[in-house]
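Structural features, examined
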Amino acid sequence: MGQQNNTYTLHRIILVINSPRFQVLIFQGALWPRGFESCDEPPNYEETSFSDGTVAKGNGTGNGYDIGEHRAIRHSVVSAFGHDTLDRVPNIDFYRNAGSVSGNRAVRPSLHELHHVFKQVSVYGDSSHWALPGDLESVLPQDNNVFVRFGWIKGVLVRCMLNIWGVMLFIRLSWVFGQAGWGLGIVVIVLSCVVTTTTGLSMSAICTNGVVRGGGAYYLISRSLGPEFGGSIGLIFAFANAVAVAMYVVGFAETVFDLLKVQSMCVYQTNDIRIIGCITVVLLLGISVAGMEWEAKAQIVLLIILLVAIVNVFVGTVIPATPEKRSKGFFNYDAKVFMENFTPDFREENFFSVFAIFFPAATGILAGANISGDLKDPQAAIPKGTLLAIFITGITYLGVALCVSATVVRDATGNINNTIAAGMNIVCNGSYAAACENGWDFSSCAVTKCSFGSMNNFQVMTMVSGFGPLITAGTFSATLSSALASLVSAPKVFQALCQDNIYTALKFFAKGHGKNNEPIRGYVLTFIIAVAFILIANLNVIAPIISNFFLASYALINFSCFHASYAKSPGWRPAYKYYNMWLSLFGAVLCCAVMFVINWWAALITYAIEIFLYVYVTVKKPNVNWGSSTQAVTFVSAVNNALTLTGVEDHVKNFRPQCLVLTGAPKNRPALLDLAHCFTKNYGLCLTCEVFVGQKTRTVTDLNAGMEKNQMWLNKKKRKAFYSAVVCDNFRQGAESLLQVSGLGRLRPNILMMGFKKNWRTVDYADVQSYTGVLHDAFDFEYGTVLLRMTQGLDVAHIIKAQEEFERGVQEQKDLEKEQLKEENKGKSIFRKSRKSSQQHLTPTGTGSISVMAPQSRQAVTVNDRLMSINTQFQRKQGQGTIDVWWLFDDGGLTLLLPYILTTRKKFKDCKMRIFIAGQPGRTEQDKEEMKSLLVKFRIKCAEIHVIDDFNQKPSSYNWKVFEDMIEPFRLHEGSKSTTNAEALRKENTWKISDAELDTFEEKTNLQVRLNELLQENSRAANLIVVSMPIARLGSVSDYLYMAWLDILTKNLPPTILIRGNHKSVLTFYS
C-alpha cells in the first residue's frame, strides 16, 4: 500500500475458492483521501489471466462470468450524472446472448456489487449470528381441563377386548372349530386377525392425524375421503351396530334359554329366545337412556369376570373328566381327539359360511377410537391399545379353541351307559375312533343327531370349565357389555351423521337431549331395528349380515388411509408411523374379497346401497369442507405441475412479475394492492403480506383470525392474490422471513412491493432503521424492489375501521327494528327508545368516510373522501395521459417492463408511455437513437423518448434548502466540534448524519435533489411516474440520509413508483 500527499492507492485482493483452482479479483486504482475509505466511488476492474487462458471477472462476490462477456463503462454515465458510478445506463449489450455474433455480451454490475462492494465479510463468520433460538415447542401448553381422561389400558385396551371377546368366545367358538377342524379353524382366526390388524394399522394412522370426535368409522371416513364416502358408510355402520345389538342379545338369550331348559322352564326355543331377547333389549335401552356414569368402573369388573371365565376354561381342561363329562364328549387332553379334530367336517356349512359366522367375533376394534376425545394421549393410546387388544384376543381365541379341540370330540350322546365294556373286541375307526379308544361308543350319532359334542352343544365351554357358572357369568358379561356398547354406538354414529346434515331428511334424529346431548330419538330407532332382528332368533343368520356391513366399513377405513397417503397431503401427518399405504390398499381389497366370499349377493346389495348413497350425496352437494384427501389429490396435481416447472430452467422470455406486497391487511392499502394486481393480474403470483409486530402470545390470535378473513376478502374483491402473515418482534424480521420463505419452486415472488414511509421524520429511529433494513434485505436476497408513493399516503385503515363499525351499527339498528316490529305486532314498542339512540350515534359522512359515536367536521369528511378517492384511483379506468418512465440505470429491464405491463391492462390502455434517459451533452441524438433501437428490438412502443443531459447541474438553492431542512434534525454537526467531542458524538449518535457522510455523498445527494427538479419540470402532469430507485451502500449511507434521498426525489409529484430490478435480464429481443 503506497501513500503520497495524504492519499493512497488501495489494492484489495479477494481469494475466491473455485475448485480445482482459485480466482483472484483485484480492485485497483481508486484514489481516495485519507478517512474516506467507504466513499461511494466504485473501483475499476482488472482482469487477471490464469495459466489456462481463462479470465476471471469479478463481481464482488467471487462469482466468475462466462468467456466472451465484458464490462463496458460508458463515459456518458460519468458526464450524465456528474460523478463516477458503478450503475450502468441501459445498453443493448446487456441483453445479448452469450454466443451472440452481432456483438459481445456485456455484464452489468450485479445488485450484490452495488450493495456490498465495500462490505467486509468475516471468513469465519460471527458465531453470534448462528445462535439458534430456543425450541418454542419444547414447552407444551398446560391442559387445564378437569375432565376425566383415560389411559391406553382403561380407555382403549379394556374396551376393545370387551367388545372383541363377545358372544362367540363361549357360545360359537367350539362349533366353528368342530365344523372347520382346528386346521382350517386356525385359518379362520388368522384371516380375521389379518383383516382387523390391517384395519387397525390404518385406523391408527387416521386417528393420530388429528382429533377424532364422535361418530366412529363414519367420522374417520368422512373426514378423510369426504362426505360422499362418509355419508354412505355412515348409515351402513350405524345400521351394523344396531344389528350387532341383536346379535349379542340373541347370544345372551341362547345362554339363558339353555339354563332354563335344564330346569325344564323353557320348551319352545325360538319363541323363548325372542321373549328373553326383547326383555333384555328393553332393559338395556332403559340403562342407556338413564345414563352411563357407571360404565367406566363397570368395564373393569366385566373384564375381571371375563378373564376369570377364560382362565376357568384352561383350568377345566386339566381337571380329570367325570363320567358325566365323558359321556358328553370331554376326555381331557388326548392326542387322538386332537388329531381327529384336525380335518374339517362341514355339516350344512362350508368354510366361508363358518368364517362369516365367526368374523363378528373379531369386530370391536373401533371401541377405543370412538372415545379418543376422552383419552389422555390418543395418538399413543389408540395404536397401542387397539393392536395389543387384537393380539391378545387373537391368541386367546386360538388358545381356547385349540384346548377344546384337544379335549372334546365332535359328537357325543350324553348317555353314561354308552361305554364299551371291558373285553369287547371292537375295532375303533371312523369318525368316532377317538371316543371309542377312550371306551365310549358314540356311533349312534351317525344315525340319530346327538345333543352333545362340539358340533351339537353350544354350551361346550360350560362343560369343559372347572366351574360352569363362571362361564355363564363370562357369557353374560361379554354379551351384555358388547350389546350395551353397540346400543350406545349406533345412535351416536347416527346422530353425528344427522348433525352434519348429509341427509336433510334425517335431521330429525340430530337433536340431543340433556346435558350430554343424548340421542334419545336414535336410541328408539336402534331399539326398533334391534327388536326386528331379535325376532329372527337365530345367531347364525344374524352374524353374516353384520359381517358384510362391518367389512364394508373396514374396507373404506383401509382405503381412506391409502388414499390419504397417496395424496401426499401436508395435512396427512399421522403420529403413528407403522403403517404402509400399500398394506392399507391390500387390506381394503381383502375386505372386499371377503365380503364376496361370505355372501356374494349380500356383498352386491351392500355395494349397491353404498353406490346409491354416494351418488345421492354427490348430487346434493352438502355444504361441508373437511379437507378430504380427494381435495388433496387435486393439490397433488398442482404440485406435480409445479415440480415439472421446477425442472425447467428459467428463461428470460417467460419472466413474469411475481410480487410480494407488504400491504398489511389487504384492504388497508388499496392503491398498493391494486397496482400489484395490475402487474400480476391472473397470470402471475401475488402475495399480500402482513407483519404482526409484538409478542407472539399477544398477536398470534389476530394473525390466525385474519388469515381466512383476509383471504376471503381478496376472493370477494376478485383479487387473484394470496394472503400471508407472520409474527415477529419487529417489522424487519417479519419482512425478512417473508422474503426468504415465500413461494414454492418457480412459484416464488421475485419483486418486493412496499409503500413509501411518509412519516419517517416523526417516528422513532428503530422504525426508520427497520424500514430501510427491509430494502437492504430485498437487495441481499436479489429481489426486484418497487416503492409506491402517493401524495396523501397509502394507509386508509382508520377509514375502513370506521366504515365497518358503522355498518355493524346499521345492522344492529336493523335488528332492533325487527324486534320492535315484532313487539308492535304484539301491542308493544319497548325498543323505540333504543332505536332513536342508535340513530343519533351512527352518522354516515360523505361517500367513503364514516363517523361512529360522533359527527365529523366537513373538513375531516373532505380529507377522508379525497384520501379514499386517491387510494382507489387504480381501480378506475385511467384517462388519457402518460406514464413517464425515467430509466436511468440498467437494472435488467424491470423499470421498463413493469410500466409496459400496465399499458396492456384495460385501466391503462389510454395511457401512453414516455421514456426519459440520461445522456451525455453533445450526443443527445445518438443516445436517443440507441434507445429507440433498443425499444424496437424489445417490441415495446413508446410515445416519446427524452434524453436528459443536465443531471450534473447543481440544484436550485431553494430546493437544496428544503433538503437541508429535511435532514437538519438528524445531523450530527461534528465539524464545528473539537476532535475529541466530535469522536464522542459519533459514538453516542451513530445513527445520525455526519458532516463527513454528507461530504462523501454530496454528488449523489445533489443528483436526487436535481432529479426531483427535472421530474417537476417534465412529468408534473403524468398519470404515473416510474423512476429508477437509488441504492444506498450498506454500512456507508445512514438510514436517515437514504430516506431523505427517497423523500426529496419523489416529493410533490403525482403517484410515483421507484423501481430497482435485481440486475438480471427480464427483457430480451431474441425469439
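The rules we used
- All residue numbers refer to position in the chain's written sequence, counted from 1.
- The predicted origin of the model limits local features to residues at a pLDDT of at least 70 and limits the giving and counting of side-chain atom pairs to 80 or more, whereas totals for whole chains, interfaces and linings rest on all residues.
- Water and hydrogen atoms were dropped before computing side-chain values, which therefore reflect all heavy atoms in the structure.
- Helix and strand definitions follow DSSP, with helices as H or I runs of at least four residues and strands as E runs of at least two, each counted in order from the N terminus.
- Burial classes: relative accessible area under 20% of the type maximum marks a residue as buried, over 50% as exposed, and values in between as partly exposed (1.4 Å probe, protein chains only).
- It only takes one pair of heavy atoms within 4.5 Å for two residues to be counted as in contact.
- Residue-level accessible areas treat just the shown protein chains as cover; the underlying method is Shrake-Rupley with a 1.4 Å probe.
- Between any two strands, pairing holds if DSSP finds at least two bridges.
- Here, two cysteine sulfur atoms that lie within 2.5 Å of each other are counted as a disulfide.
- Think of each axis as a best-fit line through the C-alpha atoms, taken over the contacting stretch in the case of a helix, with angles from 0 to 180 degrees between the N-to-C directions.
- Any angle from 65 to 115 degrees is called roughly perpendicular, while one under 35 is roughly parallel, one over 145 is roughly antiparallel, and all others are oblique.
- A patch is a set of surface residues, each over 30% in relative accessible area and not in a salt bridge, joined within 9 Å for like charges and within 5 Å for the nonpolar side chains Val, Leu, Ile, Met, Phe, Trp and Tyr.
- The term salt bridge refers to a pairing of a side-chain nitrogen on Lys or Arg with a carboxyl oxygen on Asp or Glu at a separation within 4 Å.
- In this scheme the handedness of a crossing depends on how the near helix is turned from the far one: anticlockwise by less than a right angle means left-handed, clockwise means right-handed.
- Three classes are used: nonpolar for Ala, Val, Leu, Ile, Met, Phe, Trp, Tyr, Cys and Pro, charged for Asp, Glu, Lys and Arg, and polar for all others, with Gly counted as polar.

**Structural notes on the overall build of the protein**
- Along the protein, the regular secondary structure elements total 35 helices and 22 strands.
- Here the protein holds 1071 residues, and 52% of them are scored as buried.
- In the protein, the share of contacts with a sequence separation of at least 24, taken over all contacts with a separation of at least 6, comes to 78%.
- Carbon together with sulfur atoms contributes 56% to the accessible area of the protein, which is approximately 50500 Å² in total.

**Some thoughts on the pairing of strand S18 (residues 881-886)**
- Most of S18 sits inside the fold, with five of its six residues counted as buried.
- Alignment of S18 against strand S21 (residues 1024-1028), held across four bridges, turns out to be parallel. Bridged to Val885 within S21 is Val1026.

**Thoughts on the state of the cysteines**
- One pass over the structure, following the stated rule, counts one disulfide.
- Each sulfur of the disulfide joining Cys445 and Cys450 lies 1.7 Å from the other. A torsion of -105 degrees about the S-S bond marks the disulfide between Cys445 and Cys450 as left-handed. Cys450 shares its class with Cys445; the two are buried.

**Quick word on the packing of helix H5 (residues 173-207) against helix H13 (residues 378-405)**
- Following both chains from N to C, one finds H5 and H13 inclined at 175 degrees, their axes separated by 10 Å at the closest point. Here H13 runs roughly antiparallel to H5, going by the angle between their axes.

**Describing a nonpolar patch on the surface**
- Together, Val311, Phe314, Val315, Val318, Ile319 and Tyr333 make up a nonpolar patch on the protein surface, roughly 500 Å² of accessible area in all.
- Note that Ile319 resides in the loop between helix H9 (295-318) and helix H10 (323-327).
- Judged by relative accessible area, Ile319 falls into the partly exposed class, the value being 36%.

**What about the packing of H5 against helix H19 (residues 581-598)?**
- The geometry of H5 relative to H19 is characterised by a closest axis approach of 9 Å and an angle of 135 degrees between their N-to-C directions. Here H5 lies oblique to H19, going by the angle between them. The two elements H5 and H19 meet at a crossing, and its hand is left-handed. Touching Leu191, Val194, Val195, Thr198, Thr199, Leu201 and Ser202 of H5 are Leu583, Ser584, Phe586, Gly587, Leu590 and Cys591, all from H19.
- Split by residue class, the contact of H5 with H19 holds eight nonpolar, five polar and no charged.

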